[in-house]
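Fold and contact review
For reference, the chains in residue letters:
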Amino acid sequence: MSHPAPRPLSVSARGPLRGTLTVPGDKSISHRALMFSALAVGESRIRGLLEGEDVLATAAAMRAMGATIERDGDGSWRVQGVGVGGLLQPAQALDMGNSGTSTRLLMGLVSSHAITATFTGDASLSGRPMGRVIEPLSQMGANIQASPGGRLPLMVRGLCPAVPITYRLPVASAQVKSAVLLAGLNTPGITRVIEPVPTRDHSERMLRGFGAEVTVEDGPEGKIISIRGEAELRPQAIEVPGDPSSAGFWMVAASIVPGSDIVIRNVCMNPTRTGLIIALKLMGADIVELEAREVGGEPVADLQVRHATLKAIEVPADLAPSMIDEYPILFVAAAMAQGRTVARGAHELRVKESDRIAAMRAALEAAGVRCQEFEDGLAIEGSGGAPLPGGGAVASLLDHRIAMSMTVAGLAAAKPIAIDDVGPVATSYPDFFQTLDALTGGAA
């Protein structure tokens, strides 16, 4: 997949952020809503779906394997599923764009169906290793032929019936866990995943909602998640809550720009996703949860965030699984805090859309921030609330979260920060810059 021409942007400081906003639907839940609806027998309806490029890649892939997926004029989506075991042979390669979640979860689905699928992606995705998913799926009987280093393009030849396994996750990864569980959907018997460190549990919650037999127990090595195969999924009406990862950019922006006061509506508060909120509160952020409720089986709340003086902390390593996607924006908060923040235990950042540890160190240093890089994180010297020097050029490396995080950094910089390409932001948050303009009263 070719990447569009770069979209450079110079970000300058603006006034305070004020107002109320709704962030896009949660990306993780959106992916799963489409996949599970496509595996149900009958019509499901989805409201609040994130319509970013990553999720649309999932929709295109499920269409290619037989599901009917349509968007209605009111913004809701209708999905006519083919049933577990009913996936069809795609006529051509599945282009996953930049979406690692789509790729890894769909590899799991294909692995227990009697079909063959080739997965391709853009330059960023093609550089990301898939070995940690290939290993358990191969144990279940799938024949997976990958490019050198376990990378895309790769071909998955599924086995039906596949072999149920008990797999202990060597690294905390919701994507690997979900890939194995999804392969288990069409595998006779019980497939188990042992999870030493808890990760986001959207797959387990939603699969139960669709009627799959999923159990979660505590064992000596951690949580044991089991799924009984050859499941029959029932169509559902799904409400997708707001993405806490997307909300994180506004939480930090409002925290570091003086005079800011915003309310972010309908944010998913699943305990496996709230690590950033916990870390920011430890730093002294003024974040208040309003109207806690449940939407579609997920806890949800509105969040009021006001500017606050942040203090450096040593980020608890056990928060990593619940905020792995939010580390880039946490690093920006650390750059504005009083003192030296140390964030470690985040090895997974090395294999995201970019090497986010190295990418954020380089980006923050370009903005005048002093950093120390570790294999599993960063130490960041904060400005004590003073504007960042700014004035540097930042490489986003085709990574939407780097681009958005450094846009937020630019709001608190003395000189503009030049970002080489903000185009990848569309993969997860198509309206990010329009929302920024609305909260700050227009472009600077």
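Described in the following lines is the structure provided in the data block. Treat the numbers as computed from the prediction; the structure is a model and nothing was measured.

Time to look at helix 1 (residues 27-39). With 13 residues, helix 1 extends 19 Å from end C-alpha to end C-alpha; this agrees with the ideal 18 Å at 1.5 Å per step. Where burial is concerned, most of helix 1 is hidden: 13 out of the 13 residues are buried. If you check the start of helix 1, you find a side-chain oxygen 3.1 Å away from the backbone N of Ser 28, and it comes from Asp 26.

Now for the packing of aromatic side chains. All chains considered together, the criterion is met by seven aromatic pairs. Here the aromatic rings of Tyr 327 and Phe 331 are separated by 5.9 Å at their centres, their planes lie at 50°, and the arrangement is tilted. Of the two residues, Tyr 327 and Phe 331 are both situated in helix 10 (residues 327-335); the distance of four residues between them amounts to about one turn of the helix. Neither residue differs from the other here; Tyr 327 and Phe 331 are each classed as buried. Ring geometry for Phe 432 versus Phe 433: centroids 5.0 Å apart, planes at 85°, classification edge-to-face. The exposure class of Phe 432 is buried, given its relative accessible area of 1%. For Arg 344, the ring lying beneath its charged end belongs to Phe 374, and the centroid distance is 4.0 Å.

Take His 400: it is sitting in helix 12 (residues 400-410). The buried category is assigned to His 400, whose relative accessible area is 0%. Not counting the four nearest positions on each side in its chain, His 400 is found in contact with Lys 27, Asn 98, Glu 353, Arg 356, Pro 424, Val 425, Thr 427 and Ser 428.

Reading the values: the criteria
- Residues numbered from 1 in each chain as written.
- Predicted model: local features only at pLDDT ≥ 70, side-chain atom pairs only at ≥ 80, totals over all residues.
- Heavy atoms only, no water.
- Helix = DSSP H or I, 4+ residues; strand = E, 2+ residues; numbered from the N terminus.
- Expected span 1.5 Å × (residues − 1).
- Buried < 20%, exposed > 50% of the residue type's maximum accessible area, 1.4 Å probe, protein only.
- Polar contact = N/O pair within 3.5 Å; in protein donor to acceptor, adjacent residues only side chain to side chain.
- Phe/Tyr/Trp six-rings, centres within 6.5 Å; stacked < 30°, edge-to-face > 60°.
- Lys NZ or Arg CZ within 6 Å of the ring centre and 35° of its normal.
- Contact = heavy atoms within 4.5 Å.

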